[in-house]
Amino acid sequence: MMPKLYEYLGLIVLFYSNEHEPIHVHGKYQGRESRAELVIREGLVVEIIYSRVGGRRPLEGSQLKDFQTLVGHYADDIVRKWIDYFVLHRRVEAEVI
């Protein structure tokens, strides 16, 4: 199962259900995929590190910019959803933006 968090103009942001820390999400668009790791210090997101996913072509152009904008804007919500799903074992609802 892949809990989908957000959908924006065909871009899907999700967790893989077998994930591990650090807190991160994947952005997928038409066979491409990138990763965003949220760096947290003292309960606050202080940095977001974007990277490639092994074996996958990375997001590029407007899809990469959309992914970066979405993750930056929803960073605190992503952390809350990570805790809900992986720590508290609650279902997370996808949002269409």
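Residues numbered from 1 in each chain as written. Predicted model: local features only at pLDDT ≥ 70, side-chain atom pairs only at ≥ 80, totals over all residues. Heavy atoms only, no water.

A. Structural view of helix H2 (residues 75-87). Compared with an ideal rise of 1.5 Å per residue, which puts 13 residues at 18 Å, H2 spans 17 Å between its outermost C-alpha atoms and is within 8% of the ideal. Phi for His 89, located one or two positions after H2, is positive at around 55 degrees. (Helix = DSSP H or I, 4+ residues; strand = E, 2+ residues; numbered from the N terminus. Expected span 1.5 Å × (residues − 1).)

B. Looking closely at the pattern of salt bridges. Counted by the stated rule, this structure contains 10 salt bridges. Two residues, Glu 60 and Arg 32, come together in a salt bridge whose shortest N-O distance is 3.3 Å. Taken together, the residues Glu 60 in the loop between strand S5 (44-52) and helix H1 (61-73) and Arg 32 in strand S4 (residues 32-41) connect sequence positions 28 residues apart. Residue class for Glu 60 comes out partly exposed when judged on its relative accessible area of 45%. (Salt bridge = Lys/Arg side-chain N within 4 Å of Asp/Glu carboxyl O. Buried < 20%, exposed > 50% of the residue type's maximum accessible area, 1.4 Å probe, protein only.)

C. Molecular detail of the nonpolar core. Among the nonpolar cores identified, the biggest contains 21 residues, and Val 13, Phe 15, Val 25, Leu 38, Phe 67, Val 71 and Ile 78 are the most heavily contacted of them. When contributions to this core are tallied by element, the ones reaching two or more residues are strand S1 (4-8), strand S2 (11-14), strand S3 (24-29), S4, H1 and H2. Per element, the largest residue contribution to this core is 6 residues, and it comes from H2. (Core = buried A, V, L, I, M, F, W, Y, C linked by side-chain atoms within 4.5 Å.)

D. Seen up close, the pairing of S3. The buried count for S3 comes to 5 of 6 residues, which makes it a mostly enclosed element. Of the pairings in the sheet, the one linking S2 to S3 comprises 3 bridges and is antiparallel in character. From the neighbouring strand, Leu 14 faces S3, where its bridge partner is His 26. Linking two consecutive strands that pair antiparallel, namely S3 and S4, is a turn of 2 residues; a positive phi of about 45 degrees is found at Gln 30 within it. (Pairing = 2+ DSSP bridges.)

E. Representation of the environment of Val 39 within the structure. Note on placement: Val 39 falls in strand S4. Once the C-alpha coordinates of Val 39 and Val 79 are considered, the two residues, 40 residues apart in sequence, prove to be 10 Å apart. In contact with Val 39, not counting residues within four places along its chain, are Leu 44, Val 45, Val 46, Glu 47 and Ile 49. (Contact = heavy atoms within 4.5 Å.)

F. Molecular detail of the packing of aromatic side chains. All told, the structure shown has 6 aromatic pairs when counted by the stated rule. Note on Tyr 50 and Phe 67: the rings are 5.8 Å apart at their centroids and 75 degrees apart in plane angle, and the pair reads as edge-to-face. Taken together, the residues Tyr 50 in strand S5 and Phe 67 in helix H1 connect sequence positions 17 residues apart. For Tyr 50, a relative accessible area of 28% translates into the label partly exposed. Feature note: the residues Phe 15, Trp 82, Tyr 85 and Phe 86 constitute an aromatic cluster, connected by ring pairs. (Phe/Tyr/Trp six-rings, centres within 6.5 Å; stacked < 30°, edge-to-face > 60°.)

G. Region of interest: the pairing of S1. Relative to S2, S1 runs antiparallel, the two sharing 4 bridges. Of the residues in S2, the one forming a bridge with Tyr 8 is Leu 11. What sits between the antiparallel neighbours S1 and S2 is a turn of 2 residues, in which Leu 9 has the positive phi angle 50 degrees. In the sheet, S1 pairs with strand S6 (residues 95-96) via 2 bridges, with the strands oriented parallel. Opposite Tyr 6, over in S6, you have Glu 95 as the bridge partner.

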